[in-house]
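An overview of the molecular structure
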Amino acid sequence: MLSFPPGIRCRFVVALPLVLLVTLSFAVLATADGASQDDGPELPACNNPFKLVKVKIWIDGVEGDDLSGLTASFGASLPEEANKSSKLPAVFSNPLNGCSSSSSKISGTAALSIRGDCDFVTKAKVAESGGAAALLVINDNEELYKMVCSENDTSLNILIPVVMIPKSAGDAINKSMEEKRVEFLLYAPTRPIVDLSVIFLWAMAVGTIVIASFWQEFGTSENSEERYNELFKESPNAGTGNDDEREILDISVKGAVVFVITASTFLVLLYFFMSAWFVWLLIVLFCIGGVQGMHNCIMTPITRKCRNCSQKTLNLPLFGEVSVVSFVVALCCLIFAVVWAVERRPSYSWVGQDILGICLMITVLQLARLPNIKVATVLLCCAFVYDIFWVFLSPLIFHESVMIAVARGDNSGGESIPMLLRVPRAFDPWGGYDMIGFGDILFPGLLVAFAFRYDKANKNSVANGYFLWLIIGYGFGLLFTYLGLYLMDGHGQPALLYLVPCTLGVMVILGLVRGELKELWNYSPESPSTMTNLTGEA
């Protein structure tokens, strides 16, 4: 890269994404509303399915942003289409808890009350007795709590819809109602089980690993040393260490363990100190890594196809002699990253984020490698425990999932963390994104890239090798992750729970069956140059 000497560049591009970016490798997708969508038959009384609700809002006749809610297990059902529902004026109950008859007129309105002081059934009965056409209960946090009947209430006949909305929505409504007229329209559109965005995201994740594996032939071939010498003309004061020339980092057992411990520490720091400025720091680091990755992905084919392109150079302060082509490409990549950072909020910004992220991961998978299955087992098993603990077990200590809270961007001032691939949902009435963390691609990708190198070194055929079967295993692992996501009502899933058995497990089983496990375990790739590893050992 234009901005760093080769050795520093290598350590930065690999260590930064693996520690900072992979730390945030939360699951695959998190439904923005965190609630289930049950499309089964509706039953009377207290057995109604919980359904997501769209709350359209008008303030003094001007339509505002839609809100999301969740129906109760009791009460009337809502229509699936907006044109089959009616506008209702919004009125706060008085008392606000809605536990006793309201002194404010709520007849024919959508009554609002806050959660607490009495059960949900009592609130619904009070609202219905006052003539309310619907009841919206404002939760005391951002979750959409499932409102159920008490054990003794089994034959209710509540005839108005009852919906819960998050605290932030209630605060916004309260602010709007101070001097303005607010109206609601409630309906419960059907959510598709599988959106096209899932298929596209699956293809991007699998494709990134496949391209990165084959890119090794393209980018780290026997000519890579010559290519980098062409791009970065050595200055008189440059170091002479051979370990930096090939820019390859071998991961060691010690490095794998230290990395996961460091990632866990960083995740906890993010959880406690997450703020808008912290997210901005991550955005800057992501842009730096993305520029490096994009530069590498563009320059590799250029220098391979046009060896004379890099002969024309210019002398830059601080950077020394640099090829003109490399400088122009780096400048274009920098402009691309800056434009994305400035325009990251619009709906189309996911395209730039995914391009930067994919280029970054391809570059990392070229420069970092697993030397054998022993190191792969330590790294992936540690990552396996890391993912499960911080998604499923951390609530036992922190009272909420640390991984989900960080990935959701709580306390980030509305800023979102960029260390993931995301695709907008095409047919979901609530919109939102399907997402996959970088770690869920990089960790299995390191193993798949090792399988590719091993097959090549041993001249294995496609069927008798490991690469193809690991790619198939990774694809199925992602499918199992989405299945788990669906079965757990949209709760974020630790993707490595499914990906590690489907990749490392497949390779170990194949190695056992073929009698090659010992060789895989102690495999040592031959290399003419000195390599560095993540522990800094030469």
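Above this text you will find the structure in question.
One structure accompanies this document, and this report is about it. (Residues numbered from 1 in each chain as written. Predicted model: local features only at pLDDT ≥ 70, side-chain atom pairs only at ≥ 80, totals over all residues. Heavy atoms only, no water.)

The next subject is the overall build of the protein chain. Helix and strand counts for the protein chain come out as 16 helices and 15 strands. Per-residue burial for the protein chain yields a buried fraction of 53% across its 538 residues. Long-range pairs, those at least 24 residues apart, make up 76% of the contacts in the protein chain between residues at least 6 apart in sequence. If you sum the accessible surface of the protein chain, you get close to 23,700 Å²; carbon and sulfur atoms cover 61% of it. (Helix = DSSP H or I, 4+ residues; strand = E, 2+ residues; numbered from the N terminus. Buried < 20%, exposed > 50% of the residue type's maximum accessible area, 1.4 Å probe, protein only. Contact = heavy atoms within 4.5 Å. Areas by Shrake-Rupley, 256 points an atom, 1.4 Å probe, with all protein chains shown as cover.)

Another aspect to go through is the state of the cysteines. According to the stated counting rule, one finds one disulfide in the structure shown. Residue Cys99 pairs covalently with Cys118 via a disulfide, S to S 2.0 Å. Where Cys99 bonds to Cys118 through sulfur, the torsion about that S-S bond is close to -95 degrees, and the disulfide is left-handed. Here Cys99, found in the loop between strand 4 (88–92) and strand 5 (110–114), pairs with Cys118, found in the loop between strand 5 and helix 2 (120–129); they are 19 residues apart in sequence, far enough to count as distant. Taking relative accessible area as the criterion, Cys99 reaches 22% and is therefore assigned partly exposed. No disulfide involves Cys297; its sulfur sits 4.2 Å from that of Cys359, the nearest cysteine. Judged by relative accessible area, which is 10%, Cys297 ranks as buried. (Disulfide = S-S within 2.5 Å.)

Looking now at the packing of aromatic side chains. Ring pairs (aromatic) are described by centroid distance and by the angle formed between their planes. Counted according to the given criterion, the structure contains 20 aromatic pairs. A network of ring pairs unites the aromatic residues Tyr271, Phe272, Phe389, Trp390 and Phe398 as a single cluster. One cation-aromatic arrangement involves Lys87 over Trp58; the distance from NZ or CZ to the ring centre is 4.1 Å. In this arrangement the basic side chain of Arg115 is found over the ring face of Tyr145, its NZ or CZ atom lying 4.0 Å from the centre. (Phe/Tyr/Trp six-rings, centres within 6.5 Å; stacked < 30°, edge-to-face > 60°. Lys NZ or Arg CZ within 6 Å of the ring centre and 35° of its normal.)

Leu370, Leu421, Leu447, Phe450, Tyr474 and Met507 are the most contacted members of the largest nonpolar core, which has 92 residues in total. Those residues within four positions of Leu421 in sequence are excluded, and the remaining contacts are Leu201, Met204, Asp354, Gly357, Ile358, Met361, Asp434, Met435, Ile436, Phe438 and Ile441. Counting residues in hydrophobic clusters, the runner-up holds 22 residues, among them Leu67, Phe92, Val163 and Ile173. (Core = buried A, V, L, I, M, F, W, Y, C linked by side-chain atoms within 4.5 Å.)

Below, the discussion takes up helix 8 (residues 324–342). End to end, helix 8 covers 27 Å across 19 residues, agreeing with the expected 27 Å (1.5 Å per residue, within 8%). Every buried residue of helix 8 is listed here: Ser326, Val329, Ala330, Cys333, Ala337, Trp340 and Ala341. Each buried residue of helix 8 lies within a common arc of 110 degrees when the element is viewed along its axis, so the set occupies one face. (Expected span 1.5 Å × (residues − 1). Arc of directions from axis to C-beta.)

The next subject is the pairing of strand 5. Where burial is concerned, most of strand 5 is hidden: four out of the five residues are buried. Bridging between strand 4 and strand 5 involves three bridges; their strand directions are parallel. Looking at the pairing, Phe92 lines up with Leu112 of strand 5. Relative to strand 6 (residues 134–138), strand 5 is paired through five bridges, and the arrangement is parallel. Within strand 6, the position partnered with Ser113 by the bridge is Val137. For the crossover that starts at strand 5, traverses helix 2 and ends in the parallel strand 6, the hand is right-handed. (Pairing = 2+ DSSP bridges. Right-handed = clockwise from strand over helix to strand, strands pointing away.)

That's the geometry; what it means functionally is another story.
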